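What follows is each chain in one-letter form.
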Amino acid sequence: MLLFIVAINPLIRELGDTYGEDNIVVYADDILIKGMHNFNDADIKNIERMARGYGLEVSKEKCKRVDILSGGELLFAGIPLKASGRTERVAKITDKYKDEL
């Protein structure tokens, strides 16, 4: 796992430079780029090109644009995300650890 982290870190930095550091969320090998209303196929191709430059490959079946503001839902790192911001699972986790957050 450490070797993978070393390999993916430069890609994460480049994605942050391209799409804004605050818009990049990473969990293990999953990367979420948020807040882009005009994200399209050209962006996915650009990300694939960046990844190849670091010897990494993008899973095309996992690449998709989801507009959660229009009612879409996204499963990221096993947690469903939707426009309301708090799904039942997220609410349970945050309520359990609210004193530590």
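Criteria and cut-off values
Residues numbered from 1 in each chain as written. Predicted model: local features only at pLDDT ≥ 70, side-chain atom pairs only at ≥ 80, totals over all residues. Heavy atoms only, no water. Helix = DSSP H or I, 4+ residues; strand = E, 2+ residues; numbered from the N terminus. Buried < 20%, exposed > 50% of the residue type's maximum accessible area, 1.4 Å probe, protein only. Contact = heavy atoms within 4.5 Å. Core = buried A, V, L, I, M, F, W, Y, C linked by side-chain atoms within 4.5 Å. Pairing = 2+ DSSP bridges.

A. Molecular detail of the environment of Asp-30. Within the secondary structure, Asp-30 sits in strand β2 (residues 30-33). Under the relative-accessibility criterion, Asp-30 is labelled buried at 18%. For the pair formed by Asp-30 and Phe-76, sequence separation is 46 residues and the distance between their alpha carbons is 7.6 Å. Apart from the residues within four sequence positions on either side, Asp-30 is in contact with Val-25, Lys-62, Phe-76 and Ala-77.

B. Structural context of the nonpolar core. Counting residues in each nonpolar core, the largest one holds twelve residues, listed as Ile-8, Leu-11, Leu-15, Tyr-19, Ile-24, Ile-33, Phe-39, Ile-44, Ile-47, Met-50, Ala-51 and Leu-56. Elements with a minimum of two residues in this core: α1 (2-19) and α2 (41-53).

C. Broad picture of the pairing of strand β1 (residues 24-27). Relative to β2, β1 runs antiparallel, the two sharing four bridges. Across the sheet, Tyr-27 pairs through a bridge with Asp-30, a residue of β2. Between β1 and β2, which pair antiparallel in sequence order, lie two residues; one of them, Ala-28, sits at a positive phi of approximately 55°.

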